[in-house]
Structure formats: C-alpha cells, structure tokens
Amino acid sequence: MNGWKWKTLSFWLIPILLLTSCGSSQGVIRDSERWNISKELEYESSMELQYATEFSVDYYTNGAALICTADDSRFLVLPEGEETPDDLDEDIVTLTAPLSDIYLAGTAVMDMFRAMDGIGAISLSSQEEDSWYIEAAREAMEDGQIEYAGKYSAPDYEKILSSGCRLAIESTMIEHTPEVKEELISLGVPVLVDYSSYEEHPLGRSEWVKLYGTLIGHEEEAKAAFDAQVAAMDSVAGDEPTGKTVAFFYITTNGAVNVRKTQDYVPKMIEIAGGTYIFPDLGDDSASTSMNMQMEEFYAEAKDADYLVYNSTIEGELNSLEDLLDLSGVLADFKAVQDGNVWCMGQNMYQDSMETGTVIQDFHTMLTVEDATDDDFTYLYKLE
C-alpha cells in the first residue's frame, strides 16, 4: 500500500481501535484520550515533532509532562515539589525532573545526552570505558563520573541499587531478556525503552533527544542539537538525484556479505543525499534491519554499483583498498573498484546517533564532489 495512504488511514483507524492506548506498532497515538490522565492535571499543549512517531510529550499547566512511548509505556515527569495525582492510573510511572543517576544501557542514546550537554545525568553505563567512541563518555568513565554496571543482559543489580539509580534507559535489545526488565522494575528502578531505531525517517531517530531533554531539564539544548541536524540535511536534501547507485555492506567473518534492507535508515540517508541504493526491494518481514547474502548473489546484484561503501562499524575499519580486496578478491571486478569509488564508513557512526544530518552531508559530498578531500568528510573516507 502507498506509504502516504497508509499513514493517512492509520491516523483515523488506530485511535478508533485503541482509544486508551499510548503507543502502537505505527507509533504513538495522537488523541485526547492520551493526555486526559487525571482530574488534577490540565492539559496545555504537546511537543511539536517533525519526524519522530514513536514517542510523544504532552504538557500540563503545572509544568508536568507526560511521555508516551510506542510500547504503551507512560511516564509522568513532575516538577520538583509537585505531588503525584491521587487518581493517576497505576501503569503511569512518575519521575521528578530534572532526572539524574541514570543507568544507560541504550548505546545510541549516549550521543543524545552529549549533544545537549547532559552526560552529567548519567551515572551508570552498560558499556565499558574502551567501548565508547564518544570522547565525552569515555572521559566521564575515566574520571569516575560514570561507572560500569554490567551489560544490558546481565546488569549489576547491587551496584544499580546502591547508586540510587532513578531510571534505566534500555535499547530494544532488552526484549530478548525480558526478565532483566522485570527484575529492575521489581527492585523499584523504572525502565524506559528507547525505540528510536524504529523511526521511519532517519532524523526521527535523532529527534528522540527531545524526549531525553524533557527528562533532565535540557529542553532548549535538545531542540538546538536536533535543529542543527535538520539544517544539515536540508542543506543537501533539495538537490536533484544524482542517478548514482550505492552499495553499503560489510563482509562477515564467515565470508558472507551483510547488507542493509531497503527500508533501513542507511539506504534512506543515501536516497536523501541524492543516491540510489543498489537493492531496490531487499528485505523480509523480520524486525532485523540487515541481512546476509552469499558473495555470489552480492556480485550479481552490486557488481555495477557506482559506489561501494564498506560499513566498518561492525568488523573494524579498513585502511586501504588492498585491505578490502584481501577480504574478497572478487571485488576487484566491481565497477566502483575499477573507477576508484570505494569508501569506508568510520566506526563511530552508530554511536554518533545525533549526527544523522552530517552523515547525509557526507554521502552527498561523496556523490557530487569529484575532488573532495578527507577534510570534506566527517564519517566517510576513501579507500586508495
């Protein structure tokens, strides 16, 4: 079904089917039933969102804010000194802003806190110091401001409790270990699951910074950080398509080729930048954003791609074209290799979740500027 028609139909159907629900597989419902949660709270307005659909924030006249996420979770963020309404539904978790002492187990979220100068609100991490490419996060762990509290699937509950943790922020990976979420909640630690990876538009992912800005009282800083990425995207998004095809991939340890499904955010960034993803209809109904194919299939479908971009965020960065050909000699037959249009994506792209617009700019420069130098890029570099 046409995407625009589906979104229009969903706007009317979903509130009818789920009047009292906060979220759904299609994103957060925008209906008055969502914010009428207490006779003691007078609704004032809702956060304006440009691209994100998997969360919402509603404001009340007393300064409270209701956060809804796509898994039907609801969090009422109260100003300091405000009491929890007596008639509040039991499923609504109350938090007091500005929030601090957060256990962060959603890796992509750290850059959102960095972008709004909010890393000080995080006291525990599921990543160890040497796992961070984000300098501010690594320094915070070196200084002891942030401590390691176990990976998301095996957290150090004792440390989390003794630290006075007020909120655990998890990625959707927590769905694979639901018992961890249940245990944290049973111990009195609220859990917020980050659904930014479910956003349809690449900048929808970055817009989650506004949610976290609400939690820690950095709303203006969050908006400024997001607006900067919108401006970066808008600076190139209006240009005519280049007609150039791009393959984005990496080679696994067993020799298979991992590629992004067509509906993933990386192909969408390539398209916004003016390129054409080499796989026009690649994917299945599973929730995964990438898939493996044998080299023979990749050869058949991507041999004539104008550009090859090697995704080094998983298996490590390459230093030269020779490094790439060492992984698979058949790549020497590819048009992009013969034309000298082979690029590598730096390892920090995944953690730098607030740089979506910058990555789009890099793709656009790759596609349009023939004499570009390394200084013209932030995440891409050419393999010679």
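Before reading on, note that the structure itself is shown above.
Residues numbered from 1 in each chain as written. Predicted model: local features only at pLDDT ≥ 70, side-chain atom pairs only at ≥ 80, totals over all residues. Heavy atoms only, no water.

> Outline the overall build of the protein, listing residues and values.
Summing up its helical and strand segments, the protein has 15 helices and 17 strands in all. In terms of overall size, the protein behaves like a compact globule, its C-alpha atoms giving a radius of gyration of 22 Å where 384 residues would be expected to give roughly 21 Å. Taken along the three principal axes of its C-alpha coordinates, the protein extends 70 × 50 × 35 Å. Put simply, the protein has 384 residues, and 52% of those count as buried. A sequence separation of at least 24 residues applies to 60% of the contacts in the protein between residues at least 6 apart. Of the accessible surface of the protein, which amounts to about 17,900 Å², a share of 46% is contributed by carbon and sulfur atoms. (Helix = DSSP H or I, 4+ residues; strand = E, 2+ residues; numbered from the N terminus. Rg over C-alpha atoms; globule rule 2.2 N^0.38 Å. Buried < 20%, exposed > 50% of the residue type's maximum accessible area, 1.4 Å probe, protein only. Contact = heavy atoms within 4.5 Å. Areas by Shrake-Rupley, 256 points an atom, 1.4 Å probe, with all protein chains shown as cover.)

> An account of the pattern of salt bridges is needed here, citing residue identities and associated values.
Scanning the entire structure with this criterion turns up 12 salt bridges. Of the charged contacts in the structure, one is a salt bridge between Arg-114 and Asp-111, with a shortest N-O distance of 2.4 Å. Here Arg-114 pairs with Asp-111, and both are found in helix H3 (residues 110–115), just three residues apart, close to one helical turn. Judged by its relative accessible area of 1%, Asp-111 falls in the buried class. Between Asp-264 and Arg-260 there is a salt bridge, and its shortest N-O distance comes to 3.2 Å. (Salt bridge = Lys/Arg side-chain N within 4 Å of Asp/Glu carboxyl O.)

> Before we move on, can you summarise the environment of Ala-154 with the specific residues and values?
Take Ala-154: it is sitting in the loop between strand S8 (147–148) and helix H5 (157–162). In sequence terms Ala-154 and Thr-177 are 23 residues apart; their C-alpha atoms lie 9.1 Å from each other.

> Account for the side chain of Glu-207, with residues named and values stated.
Within the secondary structure layout, Glu-207 lies in the loop between helix H7 (202–206) and helix H8 (209–216). In terms of polar contacts, Glu-207 uses its side chain to reach the backbone amide nitrogen of Gln-50, at 2.8 Å. In this view, Glu-207 contacts Glu-48, Leu-49, Gln-50, Tyr-51, Ala-52, Phe-55 and Phe-226; residues no more than four positions away in its chain are not counted. (Polar contact = N/O pair within 3.5 Å; in protein donor to acceptor, adjacent residues only side chain to side chain.)

> Before we move on, could you go through the packing of H8 against helix H9 (residues 219–237) and cite the residues and values that matter?
For the pair H8 and H9, the least separation of the axes is 7 Å and the interaxial angle reads 165°. Classified by the interaxial angle, the pair formed by H8 and H9 is roughly antiparallel. You can see that H8 and H9 cross each other, and the crossing is right-handed. Mapping the contact onto sequence places Val-209, Lys-210, Gly-213 and Thr-214 in H8 and Glu-219, Ala-222 and Phe-226 in H9. Residues that form the contact of H8 with H9 fall into these classes: three nonpolar, two polar and two charged. (Axes fitted to C-alpha atoms, helices over the stretch in contact; angles between N-to-C directions. Parallel < 35°, antiparallel > 145°, perpendicular 65-115°, else oblique. Left-handed = near helix turned anticlockwise from the far one by under 90°. Nonpolar A, V, L, I, M, F, W, Y, C, P; charged D, E, K, R; others polar.)

> How would you sum up the sheet that holds strand S3 (residues 65–69)? Please name residues and give values.
Strand order in the open sheet formed by five strands is S1-S2-S3-S4-S5, with mixed pairing between adjacent strands. Edge strands, defined here as strands with exactly one partner in the open sheet, are strand S1 (43–46) and strand S5 (92–97). Neighbour-to-neighbour, the strand axes of the sheet open up by a mean angle of 25°, direction not taken into account. Bridge analysis of S3 against strand S4 (residues 74–79) gives four bridges, and the strand direction is antiparallel. (Pairing = 2+ DSSP bridges.)

> Tell me what's going on with the environment of Ala-121, and back it up with residues and numbers.
In this structure, Ala-121 sits in the loop between H3 and strand S7 (122–125). Relative accessible area serves as the criterion here: at 7%, Ala-121 is assigned to the buried category. Spatially, the C-alpha atom of Ala-121 lies 45 Å from that of Met-295, the residues being 174 residues apart in sequence. The contact partners of Ala-121, leaving out residues within four places of it in the chain, are Leu-99, Ser-100, Asp-101, Ile-102, Phe-113 and Ile-216.

> So what about a negative patch on the surface? Which residues, and what values?
Residues Glu-128, Glu-129, Asp-130, Glu-135, Glu-139, Glu-142 and Asp-143 make up a contiguous surface patch of negative charge. With respect to the helices and strands, the residue Glu-142 is situated in helix H4 (residues 135–142). (Patch = residues over 30% accessible without salt bridge, like charges linked within 9 Å, V, L, I, M, F, W, Y side chains within 5 Å. Lys, Arg positive; Asp, Glu negative; His and termini not counted. Charge placed at Lys NZ, Arg CZ, Asp CG, Glu CD.)

> Mind laying out the sheet that holds strand S10 (residues 191–193), listing which residues take part and the relevant values?
Strands sit in the order S8-S7-S6-S9-S10 across an open sheet of five strands; the sheet is parallel. The sheet is open, and its two borders are formed by S8 and S10, each paired with just one other strand. Docked against the sheet, helix H6 (residues 178–186) engages strand S9 (167–170) and S10, running at close to 145° with respect to S10.

> Could you give an account of helix H11 (residues 295–302), with specific residues and numbers?
Along H11, the residues that are buried comprise Met-295, Phe-298 and Ala-302. One side of H11 carries all its buried residues, which in axial view fall inside an arc of 60°. Relative to its buried face, H11 has exposed residues pointing more than 90 degrees away, namely Glu-296 and Ala-300. On its buried side, H11 packs onto strand S11 (245–251), strand S12 (257–260) and strand S14 (290–293). (Arc of directions from axis to C-beta.)

> Outline helix H15 (residues 356–368), supporting the account with residue identities and numerical values.
Compared with the 18 Å implied by 1.5 Å per residue over 13 residues, the 19 Å span of H15 between its first and last C-alpha is a close match. Taking burial as the measure, the 13 residues of H15 include 11 buried ones, the bulk of the element. Those residues of H15 that fall on the buried side of the exposure criterion are Thr-356, Gly-357, Thr-358, Val-359, Ile-360, Asp-362, Phe-363, His-364, Thr-365, Met-366 and Leu-367. (Expected span 1.5 Å × (residues − 1).)

> Any details on the packing of helix H10 (residues 265–272) against H15? Residues and values, ideally.
Direction vectors running N to C along H10 and H15 enclose 55°, while the axes themselves pass 8 Å from each other. Of the possible angle classes, the one that applies to H10 and H15 is oblique. By crossing handedness, the relation of H10 to H15 is classed as right-handed. On H15, the residues that touch Val-266, Met-269, Ile-270 and Ile-272 of H10 are Thr-356, Val-359, Ile-360 and Phe-363. Of the residues that constitute the contact of H10 with H15, the class distribution is seven nonpolar, one polar and no charged.

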